Each structure stands twice: as C-alpha cells, then as structure tokens.
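# Structure at a glance
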Amino acid sequence: MALNKFRTKSPWILHYNAGSCNGCDIEILACLAPKYDIERFGMINTGNPKQSDIMLVTGPVTKRSRERLVDIYSQMPEPKVVIACGSCGCSGGVFRGMYNCEGGIDQYIPVDVYVPGCGCRPEQIIAGVVEALAILEKKTKDMEGSVKLHNDPIEQDGQTNRREVAAVI
Amino acid sequence: MNNSIIQILLIVLAPVLGGLIYGVERKVKARMQRRIGPPVLQPFYDFLKLMDKRKMMVHSTHAFLGILHFISLWFALAVLIMGGDFILIIFLHLLATALIILAGFSTRSIFSHLGANRSAISILAYEPVLVIIAISAYMLTGSFDVSALYASDVPVLFKMPLAFIALLMILPIKLKKSPFDISEAHQEVVGGVELEYSGIFYEAVYTAKWLDYIFCYLLVFMFAGNNWWLGLLLVALTFIYINALDNSTARVNYKQMLRFSFWVALPMAFLNLLMTMFHLI
C-alpha cells in the first residue's frame, strides 16, 4: 500500500534509565531540546511503554533495575526496537564485572542498535535512531508476512495435536 | 451556519480538520520555541503508525469505553454544529468525559486512577462556567438553541464580553493545556486516563483529542454571531493565545486551578449573567 511508507514517520520513544550515571540521559534529553529537535522526525518522548515503538535504554543493568527492564520491554506492543545507549548499555563499560551490575542490556532483552560512547553524543543517538527506523520497518513487514504450515497435525493419545503445526518463517 | 451541506461536511470531516489543527499547533509551538517542528501532517502519520501496532487491551470494557468516548464526543460536536440545545451539548460533552473517567478507573494502574481523579476535578472547574454562559445566552436570545447565537446579527461577543473572557479562562482546562493540564500532565501521571490504551484503541482516544479542538474552537466561533470573518479572527486569536499560554507557563496544582476557576472565571461569568439579565449592555 502507498500508505505504508508513512509507517516510520512517527516513532515514539520510551526512555529508560537502567542504573546509568545520567550522562547519557542528559544527551538523550538534549536530542529532544531545541538544538537537535528530534521532534522534526515525528519522535515524541512518551514515557509510556504501551504507546511507544523505540526503547532507548542507558546504563549497565543494575540488579535492582533488571526486573523493571524486562517488565517494561514486555509491555511494549510489537513492532518494537531497542537501542542501547552509551558504553555501559552496550557492554557494561567501566562497571563490567562488578558485583551489583550486569554486563550490558543485551543480557536481558534483545538489542537491535548499539550506540557507543561515554556519554554518547546526540548526533550518534540520532544516527542510531535512524538506523533503528529501518529495522522497525523490516519488523513491521515481518509481522504481516504469511505463516507457513510446516508439519501435519499428529494423533497423540487419541487426540489431534495441532501444537506443532504453525511456524513463522 | 445555515447551510446544511456545510454542516454535514463539517461533521463528517471533523476528525480530519481537528488533526490538521493539532498538526498546525505542534508546528506553531515548535516555532515559538525556535525549533523546526514536525510536519503539519504528523498527527495522521501517528494515526497510520498506531494502526500497525499489535492490538493489546487491558480488558474489553476498557477498550469499549474508549471508543464510546470518541463516539459520544463526535455526537456532542454534531449537535453543536447543527445548532442544537446548549445544555444538551454540555451534557453530551460531560458524558464523553465521564466515559473516559470510567475507563480510567476500570484499570488497576495507579496513574490511570490519578488521571481519572484529575479529569473529574477538571470537570468541576470548567462545567459551572459553561452552564452559566449557556444561561446568559438564554437570557440574551430567549432560547437555549445555539443556532439562535449563530444567527444573531450583532456578534454575541459585544453583548456578553465577560462571558467570552470567562470562556478564554476555562479553555486551557478543557483543552488540557498548561497551566491547567493537570489531568494529562505527562511528567507526573504520564497522560492520565489514556495511559493504558495502546495501538488501535489508543487511536480512538487520540482522535477524540482532535475532536475536542474543534469543539472548543466552535464555542469561540459561536461568539461572532453570523459574521464569519469575525469568527475566524476570534478562533485564530484564541489559537495563538492558547499556544502562547501553553509555552510560557508552568503547571499549577489542582487546588490552585479550582481556586482560579471558582474565584475568577465563575464570578466573571456570573457578572455577565447579571448584566445580560438587567440589559446593562
């Protein structure tokens, strides 16, 4: 459809701080401020997982925040994209191997785009978000793809078992 | 507003028109902050994107109440455009808001409850003023019908100027604009009652906001009588006033809002009622 090309024009952002030092958070907020004005691409910082498409996560995942991280991620409706912002978010950074932190966000939720840097620069975040938009479009297309039937239903204990029938390509 | 074709077109195209107003508003707001701002058609891009999202709902009643909110608001707007009973219009608008408040209370999210509470307080702040404006209009024209106001030769603005000022005071509450945006305060309650909506169900609530713009600006337009150019001028000035106010003020708390509404806006509307009753203007 011709309307499909407008899909990526309004990515709404959810920003979550998983134990970051606030350096990357300030850079993300700088993106929204007049100087970089990320809203010109249609992005809003919603702060509501149920209405957002792109999740920007900063910080190494501290043990207190990992449950919330997974919780928030699972509340976002598909299609969704996760961007790890900053060195800590990508790999754990200087906190890697400490007793109270994990080594990066991808140990808990799947990450699509990594934005490195300690504080990642606003230009880098914008570039990362633009990259995420391509992934978002691909994911939306995949959701619309047809489902192929792989196996036939099997008779099991006198009942028809259809559990293994469908598998997404 | 005599032409029935224009009326029907306006009713059918109300969401599209409201979306355009919202788009222009976002652009104007961005320019006021020296930003470039999103494209004018941005609300429609949001609309198309929300259609593609996975359909998640908290429970079916919640989603149903959101859709009913949209429908009843559209109905209130239709009655206003057709020039129906002013009291009925206020009642239908109240019904729409009551439905979304019910939806807010039907979930277990604490922010949704807070937003619903604050929406109810907002009703308490703006509803009495609107009712008194309606009674003033009755005193002026001898009928509760809005069509009598649309048809009046002398603009209603000159007959009841204080009512117009009172309306300007409560419009930020109705449109959920700063300094009276306590019911959807994004930094405090993350949108309030609309919090638990997502995907295609959020679309109903999102589009209802556009309808609210048309509703409020039509109330302003009503004050120009049958002079359309004056009406459009009033709407444009109100648009700039509301956006400038939204950009330049901070949020007050609900007590301050109620105090302002009861001690400033309501007495002003009441004074206007007395002046209209005794034909002082």
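Preceding block: the structure.
Residues numbered from 1 in each chain as written. Chains lettered and ligands numbered in written order. Predicted model: local features only at pLDDT ≥ 70, side-chain atom pairs only at ≥ 80, totals over all residues.

### Considerations on the overall build of chain B
Helix and strand content of chain B: twelve helices and zero strands. If you list the helices and strands of chain B from N to C, you get α-α-α-α-α-α-α-α-α-α-α-α. For 281 residues, the compact-globule estimate of 2.2 N^0.38 gives 19 Å, and chain B sits close to it at 19 Å. A principal-axis box enclosing the C-alpha atoms of chain B has dimensions of 55 × 45 × 40 Å. (Helix = DSSP H or I, 4+ residues; strand = E, 2+ residues; numbered from the N terminus. Rg over C-alpha atoms; globule rule 2.2 N^0.38 Å.)

### Some details on helix α9 (residues 161-174) of chain B
Residue and element names in this part refer to chain B. Taking 1.5 Å of rise per residue, the 14 residues of α9 would be expected to cover 20 Å, and the 20 Å separating its terminal C-alpha atoms lies within 8% of that figure. Where burial is concerned, most of α9 is hidden: eleven out of the 14 residues are buried. By the burial criterion, the buried members of α9 are Leu162, Ala163, Phe164, Ala166, Leu167, Met169, Ile170, Leu171, Pro172, Ile173 and Lys174. On the buried face of α9, the contacting elements are α6 (110-141), α8 (156-159), α10 (199-222), α11 (228-248) and α12 (254-277). Lysine 176 lies just past α9 and shows a positive phi near 60 degrees. (Expected span 1.5 Å × (residues − 1). Buried ≥ 20, exposed ≤ 12 C-beta atoms within 10 Å, placed from the backbone. Contact = placed C-beta atoms within 7 Å.)

### Topic: the interface of chain B and chain A
Every contact between the two is made by 24 residues of chain B and, on the other side, 17 residues of chain A. Elements with a contribution of two residues or more to the side of chain B that touches chain A: α3 (42-52) and α10 of chain B. If you tally residues by element for the side of chain B that touches chain A, the top one is α3(B), at six residues. The residue makeup of the side of chain B that touches chain A, split by class, is nine nonpolar, seven polar and eight charged. (Nonpolar A, V, L, I, M, F, W, Y, C, P; charged D, E, K, R; others polar.)

### Thoughts on the nonpolar core
Looking at soluble globular proteins, one finds that nonpolar side chains tend to be buried together. With 79 residues, the main nonpolar core has B:Leu77, B:Ile133, B:Ala166 and B:Ile170 as its most contacted residues. Among the elements that make up this core, the one with the highest residue count is α10(B) (18 residues). A:Ala18, A:Leu69, A:Val81 and A:Ile105 belong to the second-largest nonpolar core, a separate cluster that totals 35 residues. (Core = buried A, V, L, I, M, F, W, Y, C linked by C-beta atoms within 7 Å.)

### Re the pairing of strand β3 (residues 54-58) of chain A
All names here are of chain A. Extensive coverage of β3 is indicated by the burial of five of its five residues. The side-chain alternation of β3 yields two buried faces, one formed by Ile54, Leu56 and Thr58 and the other by Met55 and Val57. Here five bridges tie strand β1 (residues 12-17) to β3, and the two strands are oriented parallel to one another. For leucine 14, the partnering residue across the bridge sits in β3 and is methionine 55. Relative to strand β4 (residues 81-85), β3 runs parallel, the two sharing five bridges. Residue pairing in the sheet places valine 57 in a bridge with alanine 84 of β4. (Pairing = 2+ DSSP bridges.)

### Some points on the environment of B:Val12
Relative to the elements of secondary structure, B:Val12 occurs in helix α1 (residues 4-12). Residues B:Val12 and B:Phe64, spaced 52 residues apart in sequence, show a C-alpha to C-alpha distance of 22 Å.

### Things to note about the sheet that holds strand β2 (residues 44-45) of chain A
Residue and element names in this part refer to chain A. Spatially, the five strands line up as an open sheet ordered β2-β1-β3-β4-β5, and their pairing is parallel. Since the sheet does not close on itself, it has two edges, and those belong to β2 and β5 (113-115), each with one partner. Along the sheet, helix α1 (residues 23-32) makes contact with β1, β2, β3 and β4, crossing β3 at roughly 145 degrees. Strands in contact with helix α4 (residues 122-144) are β3, β4 and β5; relative to β4, the strand with the most contacts, it is inclined by about 160 degrees. (Axes fitted to C-alpha atoms, helices over the stretch in contact; angles between N-to-C directions.)

### With respect to the environment of B:Met82
Residue and element names in this part refer to chain B. Inspection of the secondary structure puts methionine 82 in helix α4 (residues 60-82). Note on methionine 82: 17 C-beta atoms within 10 Å, which makes it partly exposed. Each C-alpha atom of the pair methionine 82 and valine 146 lies 8.3 Å from the other, and the pair is 64 residues apart in sequence.

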